[in-house]
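# Architecture and fold: a report
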Amino acid sequence: MDSALFVLNEDLLIRILSFITHDSDRKAFRLVCKAFLRVDSFHRTHLRILRPEFITTLFSKFPRIYSLDLSVCPQIDDGAVSMLVGYGLPDWSRRLRRLVLSRTTGLKSAGLEMLMKSCPVLESIDVSYCWGFGDREAAALSFGGSLRDVKLDRCLGLTDVGLAKIAIGCQCLEKLSLMWCIEITDLGIDFLSKKCTQLKQLDISYLKVTSVSLHSISSMEKLELLAMVGCGIVDDEGLHYLGKGCPSLQALDVSRCDRLSSSALAFLINGHPSMLRVYASHCFHEFPTKVIQGLKDLKNLKKLILDGAPVSESFFKIINFNCKYLVEIGLGKCKGVTDKGILQLVSGGVNLNILNLTCCSELTDNAISAITDTCRSVLCLKLECCNLLTEKSLYHLGLHCSLLEELDLTDCFGVNDTGLYYLSKCTKLICLKLGLCTNITDKGLYCVARNCSEIRELDLYRCQGIGDDGLYALSSGCKRMQKLNLSYCSEVTDRGIECLGHLPELSDLEMRSLLNVTGTGLTALATGCKRLAELDVKDCTSIDDSGFMALAYYSRNLQQINLSHCAISDVGLCMVMGNLTRLQDAKLVNLYNVSTNGFEVALRASCVRLKKVKLIASLRLHLTPDIVKTLKARGCRIRWD
């Protein structure tokens with residue numbers, strides 16, 4: 001073995017490592033020998049850490065790190081930043097190019113300014129969902145003259161004044177996201193368009209802007225992507241401005257802009273024949289011939305998302321004959337989608353990779369047969385609520401679509417164990433959704449688990465035929481499982497949950513209302529699944545404090561938990577909330593065995609890191625005003641149910 005490894009020089013090892021993308025595989029690579037560990041250390045470029053005091057040590061250990069994620073670090077505040085940067089420029093900050101500070105509510109303008117001045121080559125920063133981010137913090141951000149990519153989603157305190165500061169200080173910006181920054185107006189967008197002339201991607205979704213903003217944006221000559229989802233005040237005049245401007249525009253998202261007409265979209269399309277991606281979900285109640293004819297000009301179109309729009313036979317013919325490069329189409333909840341239309345869509349050589357046919361209830365097995373016969377490289381197929389499909393559709397998928405990675409069969413009544421046997425031939429499946437498929441049992445799940453070892457996400461919501469034997473099969477065959485939904489699978493007991501403890505990469509588990517699961521099962525889960533980050537045990541009324549104590553001791557990576565309607569006590573809740581140092585989101589409604597004092601102590605123990613908490617409304621009258629004030633001051637959003 002050693003002699004075989006000796007012929008692999010460092011360059012070859014680096015090349016081998018570049019092909020290993022999965023975390024567990026990279027970990028296995030590091031454990032082979034010191035040479036492999038050294039190569040991995042040199043090759044790594046990104047770190048996500050919990051405690052800021054380790055930054056200096058880790059950066060010296062990994063000399064090529066240029067990306068740092070502090071979004072799960074509750075201790076990041078101005079004081080922590082001051083200690084990290086000290087005086088001058090520390091080595092780690094000199095090479096930092098990307099910084100994620102999402103949800104770091106303790107960081108204010110002084111700390112941000114220190115970071116900007118200490119990271120001279122910083123190109124990308126994410127401060128989305130930072131509760132305290134306002135105009136002063138935006139002014140601090142403006143010291144980042146090298147910034148190319150800034151994400152400000154849901155920075156609710158940001159106004160036109162702060163946006164102007166960023167626009168003046170960061171004139172090299174190429175990507176900017178302002179989604180849900182509801183204080184931004186047309187004035188701020190106009191100033192941005194004049195100062196940041198290098199912008200290529202802009203997201204103004206859910207802003208209260210008007211068509212005046214689109215008039216300003218139309219002057220951006222380098223803009224390639226514009227997302228304006230849910231801009232309900234923008235009307236046709238705005239699209240006319242875009243149709244005459246933005247010469248580089250390649251992608252547009254006008255989903256849920258309900259004041260736009262399809263004729264305005266047709267005008268924009270005519271002005272941009274080089275458009276590659278069009279997203280127009282839930283916009284139009286009619287889709288006239290003028291728009292359909294306009295699609296003829298989009299010869300290079302790759303993505304077309306029209307969820308919720310009515311379509312006709314002529315629509316499918318035009319796509320067939322003209323859009324030969326189309327790889328993704330979204331027709332979820334579209335009226336007029338029939339077997340004949342799908343046959344026309346795929347028969348002309350269009351090689352689709354991604355199809356969303358959610359709630360296209362008229363489709364039968366014939367449509368799926370047409371897709372599988374023609375689009376054999378399909379990667380993603382969404383068929384939720386297509387209730388006329390039977391096991392024959394899964395037979396065709398298993399026979400022809402060997403590359404299929406994602407399949408959504410939620411609420412498809414015709415899916416049964418025989419169908420899952422056929423589907424199990426799709427061995428590259430990564431995501432499979434079978435929620436509300438009431439005709440499947442452990443037998444069908446066994447076939448999937450035995451053959452589809454790459455599955456990482458599985459939804460079995462309300463599949464009441466699934467029990468412990470099925471989970472045993474999953475734990476044996478699907479070792480890479482990361483996300484699993486078992487809610488309301490009433491046959492599952494402690495034995496099944498104990499099997500899940502053998503899935504080392506499981507990070508997201510929903511197990512609502514599993515009445516046969518006790519503290520024994522939860523203890524086994526917590527002991528085995530050390531990566532568990534999200535857990536929903538709502539209505540698991542048989543779990544006692546022993547399970548929650550184990551959770552508090554072993555599940556140190558938990559970030560989100562739902563304990564509503566559980567039998568946890570004061571002591572158990574205080575242990576969970578106090579020990580889980582990464583916990584940011586907790587739902588604590590109707591905990592009948594927890595006293596007001598228990599809630600008070602638990603919230604005080606976690607207020608430093610908690611970002612969101614859900615409590616029963618009546619508790620509002622009994623908690624001390626001090627704890628409520630402290631939570632809000634630290635950026636925690638309280639939802640009173």
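Residues numbered from 1 in each chain as written. Predicted model: local features only at pLDDT ≥ 70, side-chain atom pairs only at ≥ 80, totals over all residues. Heavy atoms only, no water.

Right, let's get into the overall build of the protein chain. Looking only at helices and strands, the protein chain has 28 helices and 24 strands in total. Taking 26 Å as the expected radius of gyration for a compact globule of 641 residues, we find that the protein chain reaches 27 Å, a close match to that expectation. Dimensions of the protein chain along its principal axes, counting C-alpha atoms only, are 70 × 65 × 65 Å. In the protein chain, buried positions account for 52% of the 641 residues. Put simply, of all contacts in the protein chain between residues at least 6 apart along the chain, 73% involve residues at least 24 apart. When the accessible surface of the protein chain is summed, it comes to about 26,900 Å², and 52% of that surface belongs to carbon and sulfur atoms. Positive and negative side-chain charges in the protein chain, numbering 75 and 69 respectively, have mean positions lying 4 Å apart. (Helix = DSSP H or I, 4+ residues; strand = E, 2+ residues; numbered from the N terminus. Rg over C-alpha atoms; globule rule 2.2 N^0.38 Å. Buried < 20%, exposed > 50% of the residue type's maximum accessible area, 1.4 Å probe, protein only. Contact = heavy atoms within 4.5 Å. Areas by Shrake-Rupley, 256 points an atom, 1.4 Å probe, with all protein chains shown as cover. Lys, Arg positive; Asp, Glu negative; His and termini not counted. Charge placed at Lys NZ, Arg CZ, Asp CG, Glu CD.)

Moving on to helix α6 (residues 78-85). Those residues of α6 not exposed but buried are Ala80, Val81, Leu84 and Val85. Considered in projection along α6, the buried side chains sweep an arc of 120° and stay on one side of the axis. Those residues of α6 that are buried lie in contact with α5 (55-61), α7 (91-94) and α8 (109-118). Two to three positions downstream of the cap, the backbone nitrogen of Gly79 sits 3.2 Å from a side-chain oxygen, assigning the N-cap of α6 to Asp77. Gly86 sits one or two residues past α6 and shows a positive phi near 55°. (Arc of directions from axis to C-beta. Polar contact = N/O pair within 3.5 Å; in protein donor to acceptor, adjacent residues only side chain to side chain.)

Further remarks concern the environment of Glu405. Mapped onto the secondary structure, Glu405 falls in the loop between α19 (391-400) and β15 (406-408). Residue classification places Glu405 among the partly exposed positions, given a relative accessible area of 34%. In sequence terms Glu405 and Cys426 are 21 residues apart; their C-alpha atoms lie 8.0 Å from each other.

A few words now on the side chain of Asp339. Relative to the helices and strands, Asp339 resides in helix α17 (residues 339-346). Of the side chains with opposite charge, Lys392 comes closest to the buried, unpaired Asp339, at an N-O distance of 12 Å. (Salt bridge = Lys/Arg side-chain N within 4 Å of Asp/Glu carboxyl O.)

A few words now on the packing of α6 against α8. Two numbers describe how α6 lies on α8: the axes approach to 8 Å, and their chain directions differ by 25°. It follows that α6 is roughly parallel to α8 by the angle criterion. In this structure, α6 meets α8 at a crossing whose hand is left-handed. From α6, Asp78, Val81, Ser82 and Val85 reach across to α8, where they touch Ala110, Gly111, Met114, Leu115 and Ser118. Among the residues making up the contact of α6 with α8, the classes are represented as 5 nonpolar, 3 polar and 1 charged. (Axes fitted to C-alpha atoms, helices over the stretch in contact; angles between N-to-C directions. Parallel < 35°, antiparallel > 145°, perpendicular 65-115°, else oblique. Left-handed = near helix turned anticlockwise from the far one by under 90°. Nonpolar A, V, L, I, M, F, W, Y, C, P; charged D, E, K, R; others polar.)

Orientation of helix α10 (residues 160-169) relative to helix α11 (residues 186-195), taken along the N-to-C sense of each, is 5°, at an axis distance of 9 Å. Between α10 and α11, the crossing angle belongs to the class labelled roughly parallel. Contacts from Asp160, Leu163, Ala164, Ala167 and Ile168 of α10 reach α11 at Leu187, Gly188, Ile189, Phe191, Leu192 and Lys195. Across the contact of α10 with α11, the residue classes tally to 8 nonpolar, 1 polar and 2 charged.

Here we come to the nonpolar core. Leu152 and Leu460 are the most contacted members of the largest nonpolar core, which has 197 residues in total. Ignoring anything within four residues of it in the chain, the contact list for Leu152 reads Val127, Ser128, Phe133, Leu141, Leu158, Ile166, Leu176, Ser177, Leu178, Met179 and Cys181. Core analysis: the second largest hydrophobic core is formed by 7 residues, Leu13, Ile20, Phe36 and Val39 among them. (Core = buried A, V, L, I, M, F, W, Y, C linked by side-chain atoms within 4.5 Å.)

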